[in-house]
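Coordinates in review
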Amino acid sequence: MLDAFLAGAHQVFAFDTLIYMLIGSVAGIVAAAIPGFTVTMAIILTLPLTFTMEPLQGVSVMLSVYVGGYTGGLISAALLGIPGTPSSVATTFDAFPMARGGEPGRALSLGVWASFFGTVISTIILIVAAPPLALIAVKLGPWEYFSLIVFALTIVASLVGNSLMRGLIAGVIGLGLATIGPDPMMGRPRLTFESDILMPGLPFLIVLIGIFAISQLMGEVEDHGKNDNKGALIPDVIEFKTWAVMREVLMHPVNLVRSSLIGVFIGALPGAGGSIANLLAYDQAKRSSKTPEEFGKGTPNGVIASEAGNSATAGGGLIPMIALGIPGSAVDAILMAALMVHGISVGPRLIMDHADLAYGMFVAMVVASLMMLVVCVLSMRLFLRVTDIPKQFIVPTVMICCVIGAFALNNRVTDLYLLGAIGLVGYGLKSLDYPLAPLVLGVILGPIAETNLRRALMSDGDWTVFFTRPISAVLLAAAVLSVIFSVRSVLKMRRKDRPATDEQDGD
Amino acid sequence: MTNGAEKSAAAGASAPAASRARTEFARLVSYIVFGTGSVYLSLRAGELPTSRWEPLGAGSFPQLVFGVLAGLCLIAAIRAIIDIRKAGQLDALGEALCSWVKVRRISFALFGLLVVYLGALPFAGFSLATFVFLLISQLMIAGISKKTVIQSVIAALIFSVGLNLLFAEVFNVFLPRGMLFAG
């Protein structure tokens, strides 16, 4: 084992590999900072460049893009309020208010450090506990998966913002949007009205960019002229307080470890990636906080939870991939494809046949997270040169980046029409105070829920199996408890608000 | 004097109530739109043929989802009506709508420009369409002066022709080419 570890480390620490990884790290951060550019897209663009490299070198470069990408999403989430990637949706909840509240440097540093520690914790778990965790993940059948999605959907209840009802409506609209297009089991077109635009379905990325980015950009130029005192989207002076923030992150060990563990677990489940981990970690941090009312207003706990959660999925996703040959996410599938191009079959025998490669990947993960940290700490100011750019340049240019991101996904101009339409709907919903996060969650989880529900009922038509299989029953019970807990918190907050209102009325 | 003060206090108290009523009315309209749409989509999903191979057909899940959405919208609409009645008079709706649009005039103009840009993209090509979009939108937000015109032309050139070259040469992503202009 030690020999294999050292052999892997030797390859990763080769000078050219480190240089390629550094370029990959910067590319990942920059790509993910552009709204609409996902980590997956950055990795896909990297894949052809790694064909001429050694297998471990190629995978190391892709891992550095991966780790850098998870952090890059933080930049636009914190500074523009637009999640750069689906994995940074929850990051906008607190990092953006914190940045808007005059602490953009602190928001970014918190995110960077939380991402770093999240990745390191997930890599340690990957090395130590890969086999047992992967075994649990692989035992989940469609019943457990459906129950897991039901549990994840109950998160909607705590993401509803000002109104439980509007949050639920937004979540169900998301589920409904996900049903447009080909049916996930048989490929039969549904609710497409024979329109070429709707025939392939609504790509998740288009919905995400439209709902978050276009509506946010339209909101940025509202009441133009009166808001001139707000000036640029990003303040002129950004104080990062790197080391003070590092201590601050370490002062929240429970939140950091819990969020990282959630990220590892979610990452290890095939299909569930950073987007779910980000929201779930945030949700759990809010629920276990003594001051949940501070969430959404720029609390450091929110930033730490969301960033540690999404970054930890990078290590978690590698667990089933390395141990069982099952990719944990689309990115892991691309990593698998890269290894297969080099003639390496990924599966249980990977550790036995190519131990140096497997352990080299563990080392590469740690090196990639260190590189991300160094790149961010040293050159975050360089990335933030956008601070000098006034709103009239940022808003239309980011809009163009969104258009490019939406187009590059499938090279379809028709996707751009969808982007415009969804953007307008998103702006309307935002104006009417509908929370947008549940809608996006619904779009992500809808197809997974439907596929697993139908798969489960195809294997056994009996509905009671969902309650008789132990893991499924536990997940459903957790979902019920989650709803009860959320409703209780809403009622509690209302009761808290009422005396104050009554007093005011009395005055 | 006292009468005047009382009147102004009453007007002050009724203003937020009226504003709340107007907001709730706007939301009520959205619940009706979503509710009606979901009933229609649920019916359309029900028309999809069932499968011989599985208990749930292609239409079952959408039917379930849109059914739930219709139910939620109905509950929300009833609550909105109760809130509107509680809040009191629903006056000056047209005026409120006008001021709502006025505040967001640049946002809507930007969106209108985006629609025109997306429509022109297949004909004019990425570089030309983006250049024009960026130039107009930047000047629309910043206002027209000698300085902003020069800045906007430079920025529009960089982010239209420059971005096109970057994506084509570095990322091998080819942005839309126009029928009238290939760039």
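Residues numbered from 1 in each chain as written. Chains lettered and ligands numbered in written order. Predicted model: local features only at pLDDT ≥ 70, side-chain atom pairs only at ≥ 80, totals over all residues. Heavy atoms only, no water.

1. Points about the packing of helix α17 (residues 391–410) of chain A against helix α18 (residues 414–431) of chain A
To describe two helices that pack against each other, one gives the angle between their axes and the distance between the axes. Residue and element names in this part refer to chain A. Packing of α17 against α18 brings their axes to within 9 Å, and their N-to-C directions diverge by 135°. As judged from the angle between their axes, α17 and α18 are oblique. Here the hand of the crossing between α17 and α18 comes out right-handed. Residues Cys-402, Val-403, Ala-406, Phe-407 and Asn-410 of α17 lie in contact with α18, whose contacting residues are Asp-415, Leu-416 and Leu-419. Here the contact of α17 with α18 is built from residues that sort into 6 nonpolar, 1 polar and 1 charged. (Axes fitted to C-alpha atoms, helices over the stretch in contact; angles between N-to-C directions. Helix = DSSP H or I, 4+ residues; strand = E, 2+ residues; numbered from the N terminus. Parallel < 35°, antiparallel > 145°, perpendicular 65-115°, else oblique. Left-handed = near helix turned anticlockwise from the far one by under 90°. Contact = heavy atoms within 4.5 Å. Nonpolar A, V, L, I, M, F, W, Y, C, P; charged D, E, K, R; others polar.)

2. Concerning the UniProt feature "transmembrane region" (unreviewed entry) in chain B
Residue and element names in this part refer to chain B. The positions UniProt marks with the feature "transmembrane region" (unreviewed entry) are residues 25–43, 63–82 and 152–175. In residues 25–43, the share of helix is 100% and the share of strand is 0%. The end C-alpha atoms are 27 Å apart. As annotated, residues 63–82 comprises 100% helix and 0% strand, and the C-alpha atoms at either end are separated by 29 Å. (UniProt positions renumbered as here; feature names shortened; annotations may be inferred.)

3. Things to note about a nonpolar patch on the surface
On the surface, A:Phe15, A:Ile19, A:Tyr20 and A:Ile23 cluster together to form a nonpolar patch covering roughly 430 Å² of accessible area. On the basis of relative accessible area, A:Ile23 is assigned to the exposed category, the value being 53%. (Patch = residues over 30% accessible without salt bridge, like charges linked within 9 Å, V, L, I, M, F, W, Y side chains within 5 Å. Areas by Shrake-Rupley, 256 points an atom, 1.4 Å probe, with all protein chains shown as cover. Salt bridge = Lys/Arg side-chain N within 4 Å of Asp/Glu carboxyl O. Buried < 20%, exposed > 50% of the residue type's maximum accessible area, 1.4 Å probe, protein only.)

4. With respect to the pattern of salt bridges
Under the definition given, this model contains 12 salt bridges over all chains. Between A:Asp433 and A:Arg166 there is a salt bridge whose closest N-O contact spans 3.5 Å. Of this pair, A:Asp433 sits in the loop between α18 and α19 (437–459) while A:Arg166 sits in helix α8 (residues 164–178), and the two are 267 residues apart along the sequence. Note on A:Asp433: relative accessible area 28%, which makes it partly exposed. Across the pair A:Arg190 and A:Glu450 runs a salt bridge, and its minimum N-O distance is 2.6 Å. Taken together, the positions of A:Arg190 in strand β2 (residues 189–190) and A:Glu450 in helix α19 put the pair 260 residues apart, joining distant regions of the chain. Taken individually, A:Arg190 and A:Glu450 each receive the classification buried, so the pair is uniform in this respect. What you see here is one network of salt bridges that share partners, running through A:Arg166, A:Asp433, B:Glu24 and B:Arg27.

5. Quick look at the packing of helix α5 (residues 126–142) of chain B against helix α6 (residues 146–169) of chain B
Residues and elements named next belong to chain B. Interaxial distance between α5 and α6 falls to 8 Å at its minimum, and their mutual angle equals 150°. For the element pair α5 / α6, the angle class is roughly antiparallel. Read as a crossing pair, α5 and α6 show a hand that is right-handed. Contacts from Phe-126, Ser-127, Thr-130, Phe-131, Leu-134, Leu-135, Gln-138, Leu-139 and Ala-142 of α5 reach α6 at Thr-148, Val-149, Ser-152, Val-153, Ala-155, Ala-156, Leu-157, Phe-159, Ser-160, Val-161, Leu-163 and Asn-164. Taken together, the residues that form the contact of α5 with α6 break down as 14 nonpolar, 7 polar and no charged.

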